[in-house]
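An overview of the molecular structure
Listed here are the chains, written in short residue letters.
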Amino acid sequence: MADINGGIIGVDNPVSKQNEQITTFNSSGTLTTQPKTQAIQFVVVAGGGAGGGGIGGGGGAGGYRSSVPGENSGGGASAETTAPVSGNSPYPVVVGAGGTKGAAEATKGSPGNDSSVAGVTSAGGGVGGSSAVQNSNPPGAGDPGGSGGGGFLGGNQGSGTANQGFAGGLAGELSPLVTYGSGGGGGASETGQGYTPSTPPSGPYQHDGGDGIASSITGSSVTRGGGGGGGMYLTRPGNIQGQGGAGGGGNGNPQPGNPGPGSSGIAGSANTGGGGGGGSGNQGLGGNGGSGVVIVKEPVITSASGVWNLEAVYESVTAGTWV
């Protein structure tokens, strides 16, 4: 005898539920989707660029893309739409390495590497400019990237990639303690600090990396995509440095007056896409960029076939999990 199921007579088919699944890739691998998954939320962060040597600009943060509702992508963009996928299918995941600092003061470092999943690609961060590298165009320029590298005197700051990150900052001449300071690397949420011709800096703390973006895709708020701080040349010993942007940016380091030894910038933090900090003169090197990260969230999905219990259908539709 058939059961009565909320007004429908027939076999009581149980409702099938696929649980939410969050997967974090700190290195490259393969995402295999669950059987019912049709689209994924994502946070894709590329590797950060290396900081410049000499009096070096901060490295730009790796490009930042997100589809998490209510959060932002880089460069001032809103969250993107989810990425379409097929259920029970493999998708290659690439997690970009951070850029590598130059082996010597006058050797240019490398940009960060791209990160990607399911057709979503974030661009690696740009290298910071350098007082010692003359093969840039113009000399001292920061490179473009997901977020751009900070520049040195006479060189442009690197531009950021639309909807992924911001430009780096320009260098400036400061006083009374700082003679030169290279621009901070761009971050996912703001431009790297630096000199602006229309508004000269009023103090020595104008060369920080741009801040990153916080995401709670994993359930906990984590900030990623900070630009590296710019390196400085000081007229006398001191402890002033361009600070790395929130979200893994490495600090720039000062040179405490000529002929004092230079110092190297601090590396960006791993799996944040943070830019490396800029070094200072007299053999100071830039810091390495931080590696990126790819985070994927597969939503709860509830479904059934044939004849089903209407109470269960109502609950699933109300919760927004019915497909």
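Scroll up to find the structure.
**Here's the deal with the overall build of the chain**
When you go through the chain residue by residue, the secondary structure sums to one helix and 19 strands. Looking at the chain residue by residue over its 323 residues, the buried ones come to 52%. Sequence separation of 24 or more characterises 58% of the internal contacts of the chain that already satisfy a separation of 6 or more. For the chain, the accessible surface area stands at approximately 12900 Å², while carbon and sulfur atoms represent 50% of it.

**What to know about the sheet that holds strand β5 (residues 29–32)**
If you trace the four strands from one edge of the open sheet to the other, you get β5-β9-β10-β11, paired in antiparallel fashion. The open sheet has two free edges, formed respectively by β5 and β11 (120–122), since each of these has just one partner strand. For this sheet, the mean angle separating the axes of adjacent strands, direction not counted, is 20°. Note: strand β9 (residues 90–94) against strand β10 (residues 115–117), two bridges, orientation antiparallel. Among the inter-strand pairings, V94 is bridged to a residue of β10, identified as S116.

**Observations concerning the nonpolar core**
L31, V93, V117 and V294 are the most contacted members of the largest nonpolar core, which has 14 residues in total. Residue contributions to this core peak at three residues, all from strand β6 (residues 39–45). Sequence-distant contacts of V93, defined by excluding residues within four places in its chain, comprise F25, S28, G29, T30, L31, S116, V117 and V294. Counting nine residues, the second-largest nonpolar core is a separate cluster that includes V43, V45, Y64 and I213.

**Here's the deal with the pattern of salt bridges**
Under the criterion given, the structure shown has three salt bridges. For K297, the salt bridge goes to E20, with nearest N and O atoms at 3.6 Å. Remark: E20 occurs in the loop between β3 (16–18) and β4 (21–25) and K297 occurs in strand β18 (residues 293–298); sequence separation between them is 277 residues. Overall, E20 belongs to the partly exposed group, its relative accessible area being 43%. Residue E80 is joined to R65 by a salt bridge in which the shortest nitrogen-to-oxygen separation is 2.7 Å. Linking E80 in the loop between β7 (64–66) and β8 (83–84) with R65 in strand β7, this pair joins segments that are 15 residues apart in sequence. Residue classification places E80 among the partly exposed residues on the basis of a relative accessible area of 24%.

**Thoughts on unusual backbone geometry**
Of note, the phi angle at A118 is positive, near 50°, even though the residue is not glycine. Within the secondary structure, A118 is located in the loop between β10 and β11.

Cut-offs used in this document
Residues numbered from 1 in each chain as written. Predicted model: local features only at pLDDT ≥ 70, side-chain atom pairs only at ≥ 80, totals over all residues. Heavy atoms only, no water. Helix = DSSP H or I, 4+ residues; strand = E, 2+ residues; numbered from the N terminus. Buried < 20%, exposed > 50% of the residue type's maximum accessible area, 1.4 Å probe, protein only. Contact = heavy atoms within 4.5 Å. Areas by Shrake-Rupley, 256 points an atom, 1.4 Å probe, with all protein chains shown as cover. Pairing = 2+ DSSP bridges. Axes fitted to C-alpha atoms, helices over the stretch in contact; angles between N-to-C directions. Core = buried A, V, L, I, M, F, W, Y, C linked by side-chain atoms within 4.5 Å. Salt bridge = Lys/Arg side-chain N within 4 Å of Asp/Glu carboxyl O.

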